[in-house]
Amino acid sequence: MIYDNVLETVGRTPVVRLRRITAGNGSEILVKLESFNPAGSIKDRTALGMVVRAELDGRLKPDGTIIESTSGNMGKALALIGAARGYRVILVTDPKAPRSMVEFVRALGAELEIVDTPDENGGYQRPRRERVRRLTGEIPDSFWPDQYNNADNAATHAEQTARELLAEVDSFDALVAAVGTGGHISGISATLKREKPRVVTVGVDAAGSAAFGFPVGCWAMRGLGIAWPPGNLRHELVDQVQLVTDHEGIATSRMLARSEGLLVGESAGAAVFGALNYAHRHPGSRIVTMCPDGGANYFGESFDDAWLRERGLFAPIAANGLDRLDRLIEAAADPVHPPVHRADRVAESG
Ligand SMILES: Cc1ncc(COP(=O)(O)O)c(C=O)c1O
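Now for a look at the structure at hand. (Residues numbered from 1 in each chain as written. Predicted model: local features only at pLDDT ≥ 70, side-chain atom pairs only at ≥ 80, totals over all residues. Heavy atoms only, no water.)

1. Overview of the site of the ligand
Turning to step 1, where the next piece is worked out: If you check the shell around the ligand, you find 14 residues, and the closest are Lys 43, Gly 180, Thr 181, His 184 and Ser 267.
Turning to step 2, where the next piece is worked out: Within the side chain of His 184, an N or O atom sits 2.8 Å from an oxygen atom of the ligand.
Turning to step 3, where the next piece is worked out: In isolation the ligand exposes 390 Å². Once the protein is present, 93% of that is buried.
Turning to step 4, where the next piece is worked out: Class assignment of the residues belonging to the shell around the ligand gives a composition of four nonpolar, eight polar and two charged. (Near = heavy atom within 4 Å. Polar contact = N/O pair within 3.5 Å; in protein donor to acceptor, adjacent residues only side chain to side chain. Areas by Shrake-Rupley, 256 points an atom, 1.4 Å probe, with all protein chains shown as cover. Nonpolar A, V, L, I, M, F, W, Y, C, P; charged D, E, K, R; others polar.)

This is the structure:
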């Protein structure tokens, strides 16, 4: 197959059955590996969808400049798209941005704008967004994708990711996906609710995240979790919420590498832990789990024992035996946070 340009290789990612990380009750976990996208994550789909729609309705002009606040996969995706389609790309980030991301986007010719003064709570997200606003005011023909609030994010997943999944997996009982902007779970679920209404949708979030309205705290995993409910998260399309702790999610991503040969990221680890919990509760079910990015993004962090020790994450993994396959599988049957069903979330919020 010869493609005309690299962006035609976005999507059509493989689906793989887990062989050893299973509940052993006839259930089946299938993982969709988004690291096979050209910039390495599900954000390639999101970014391309937002850019193409902006080109079509004139928000992004030829020779325009794409400006976004990001410290991760969205930056990589936009840098690749900018290089392939000829746009200037400015990524607004902060000193905590992982080195791997900085090197990746620079290699593709993107410019980095570093915000080095945090807000009064020590966070960079708000000052970064303010810098994007200022830059879009100063630079003519600039376009801010704004992945948290841009409806084209979820629409891309409703139209493309969901269709691809339905064509690949003829029947399944549950979809499990981690939540950052809420774009991929909301988009895929929107299509599933219309075409396969019996499929249960499970949103996996970091314990400590406020995406679903739980009190905000701290978490270490990257890719999922947010301090406020994101505009792209459609709560009514998420049937169950599984909050996953750092040690549960990170232990699962490490186990996926060692026992399945699947190098996936932290949010994928959390999603598979959530899928395993669902599998324990539903013998015989078939569960599709989205794995948003690859493990190479985390070699110097959650795959590094010294890094985990420094952050106090090694002890809870070892103390709970989560570095052993049998114990990890058992732990998913009785997670730190039990799943919360939609009816209970609605009742609690009054
Ligand atoms: C690694 C990783 N996991 C999960 C997510 C969450 O995806 P979404 O923004 O579609 O909710 C993202 C998005 O930032 C991500 O980069």
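2. Points about the sheet that holds strand 2 (residues 28–33)
Turning to step 1, where the next piece is worked out: Read from one edge of the open sheet, seven strands run 1-2-10-7-8-9-11, paired in mixed fashion. Of all the strands in the sheet, the pair left with one neighbour each is strand 1 (15–17) and strand 11 (340–341).
Turning to step 2, where the next piece is worked out: Across six bridges, strand 2 lies against strand 10 (residues 286–291) in parallel orientation. Residue Glu 28 lies in a different strand from strand 10, and its bridge partner there is Arg 286. (Pairing = 2+ DSSP bridges. Helix = DSSP H or I, 4+ residues; strand = E, 2+ residues; numbered from the N terminus.)

3. Describing the packing of aromatic side chains
Turning to step 1, where the next piece is worked out: Tallying each qualifying case throughout the model produces two aromatic pairs.
Turning to step 2, where the next piece is worked out: Centroid distance Tyr 148 to Trp 228: 6.0 Å. Interplanar angle 55°. Geometry classified as tilted. Here Tyr 148 is found in the loop between strand 6 (142–143) and helix 5 (151–168), whereas its partner Trp 228 is found in the loop between strand 8 (200–206) and strand 9 (240–244), with 80 residues between them in sequence.
Turning to step 3, where the next piece is worked out: Given a relative accessible area of 16%, Tyr 148 falls into the buried group.
Turning to step 4, where the next piece is worked out: We classify Trp 228 as partly exposed; its relative accessible area is 24%.
Turning to step 5, where the next piece is worked out: Over the ring of Phe 104 we find Lys 76, and its NZ or CZ is 4.8 Å from the ring centre.
Turning to step 6, where the next piece is worked out: Directly above the ring of Phe 314 sits Arg 309, whose terminal nitrogen or CZ lies 4.1 Å from the centroid. (Phe/Tyr/Trp six-rings, centres within 6.5 Å; stacked < 30°, edge-to-face > 60°. Buried < 20%, exposed > 50% of the residue type's maximum accessible area, 1.4 Å probe, protein only. Lys NZ or Arg CZ within 6 Å of the ring centre and 35° of its normal.)

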